[in-house]
Amino acid sequence: MEKKNKIRDKWLHLRLNEEEYAKLLKQFQQTGERKLSAYSRKILMGKPMIKEVRNASLQEVLAVLMKLQNDLNGIANNYNQMVKKLHTTSSDVGLRLWLRSCEKQWDQTVNQIKLVSEFVSKTGDKWLQ
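Residues numbered from 1 in each chain as written. Predicted model: local features only at pLDDT ≥ 70, side-chain atom pairs only at ≥ 80, totals over all residues. Heavy atoms only, no water.

Student: Would you mind showing me how to read the overall build of the protein here?
Tutor: Along the backbone of the protein there are 4 helices and 0 strands. Element order for the protein, N to C, with α for helix and β for strand: α-α-α-α. For the protein, the proportion of its 129 residues judged to be buried stands at 13%. About 12100 Å² of surface is accessible on the protein, with carbon and sulfur atoms providing 56% of the total. (Helix = DSSP H or I, 4+ residues; strand = E, 2+ residues; numbered from the N terminus. Buried < 20%, exposed > 50% of the residue type's maximum accessible area, 1.4 Å probe, protein only. Areas by Shrake-Rupley, 256 points an atom, 1.4 Å probe, with all protein chains shown as cover.)

Student: How should the layout of surface pockets be read in this particular structure?
Tutor: Sizing a probe to match a water molecule and rolling it over the atoms shows the empty space that remains. Counted as a void, the largest pocket has a volume near 790 Å³. Together, 20 residues line the largest pocket, and Leu12, Ser37, Ser40, Arg41 and Leu44 are the ones closest to its centre. Every element with two or more residues in the lining of the largest pocket is listed here: α1 (18-29) and α2 (36-44). If you tally residues by element for the lining of the largest pocket, the top one is α2, at 7 residues. For the lining of the largest pocket, the class distribution of residues is 10 nonpolar, 4 polar and 6 charged. (1 Å grid on protein atoms, 1.4 Å probe; cavity = no way out; pocket = protein on both sides within 12 Å on 5 of 7 lines; lining within 4 Å. Points joined across faces, edges and corners; volume = space filled by probe spheres on them. Nonpolar A, V, L, I, M, F, W, Y, C, P; charged D, E, K, R; others polar.)

Student: For this particular structure, what's the right way to read the pattern of salt bridges?
Tutor: Pairs can form between side chains of opposite charge whenever their charged atoms are close. All chains considered together, the criterion is met by 2 salt bridges. In this structure, the salt-bridge partner of Lys42 is Glu33, at a minimum N-O distance of 2.5 Å. Among the residues examined, Lys42 registers a relative accessible area of 30% and is labelled partly exposed. Looking at Glu33, the relative accessible area reads 17%, which means it is buried. The shortest N-O distance in the salt bridge between Lys67 and Asp71 comes to 2.9 Å. Here the residue Lys67 and the residue Asp71 both occupy positions in helix α3 (residues 56-88), the gap between them amounting to 4 residues, near one helical turn. With a relative accessible area of 53%, Lys67 lands in the exposed category. (Salt bridge = Lys/Arg side-chain N within 4 Å of Asp/Glu carboxyl O.)

Student: What should I look at first to understand α1 in this one?
Tutor: Helical periodicity: at 3.6 residues per turn, an α-helix aligns residues three or four positions apart in one direction. The first and last C-alpha atoms of α1 sit 16 Å apart over 12 residues, in line with the 16 Å expected at 1.5 Å per residue. Among the residues of α1, the N-terminal cap falls to Asn17, whose side-chain oxygen and the backbone nitrogen of Glu19 are separated by 3.1 Å. (Expected span 1.5 Å × (residues − 1). Polar contact = N/O pair within 3.5 Å; in protein donor to acceptor, adjacent residues only side chain to side chain.)

Student: What's the story with the side chain of Thr31 in this structure? I'm lost.
Tutor: By secondary structure assignment, the location of Thr31 is in the loop between α1 and α2. One polar contact links the side chain of Thr31 to the main-chain amide nitrogen of Glu33, over a distance of 3.3 Å.

Student: Got a minute to help me understand the packing of α1 against α2 in this structure?
Tutor: When two helices pack together, you describe them by how their axes are tilted relative to each other and by the distance separating the axes. Relative to each other, α1 and α2 sit at 95 degrees, their axes nearing to 11 Å. Taken as axis vectors, α1 and α2 run roughly perpendicular relative to one another. Residues Tyr21, Leu24, Leu25, Gln27 and Phe28 of α1 pack against Leu36, Tyr39 and Ser40 of α2. Residue classes in the contact of α1 with α2 are distributed as 6 nonpolar, 2 polar and no charged. (Axes fitted to C-alpha atoms, helices over the stretch in contact; angles between N-to-C directions. Parallel < 35°, antiparallel > 145°, perpendicular 65-115°, else oblique. Contact = heavy atoms within 4.5 Å.)

The structure is reproduced here in C-alpha cells:
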C-alpha cells in the first residue's frame, strides 16, 4: 500500500487586527510548535494542543553548548592543519614554528576546557538551589 504525500496546495487567507494577532502569537509561544502555520492548522482542525513550558535555563545551556561545539570543531580543524604542515616540513626552523603553533593551540584548548568547567559548575549550582 503506497502512502500518498499530503501536499498542502490550498491557501487560506486570514486577516487579523493587531490585538487578535498579538493574542495568537502569545498562545503560539506557549506551545512547543516551531511554526505558526503548524500551530494554526492544528487549532483550525480541532486537534489537541499541549502547552509546553519552555525552560529558559535549559535553552541557555543548549546555546552555550552549541557555541562550545563550534569552538572545539574549529580547534580540531586547526590541529589537523598543523599536523599536515608538520608532515610537509623538513627543516628545523619549520619544526620550531610548528611547535610554537601547537603550543598556542594547546593554550586555546586549555582555556576552552576551563570555560566548560566553569559553566558546568555555575549551571550545577543554579539547578541545585
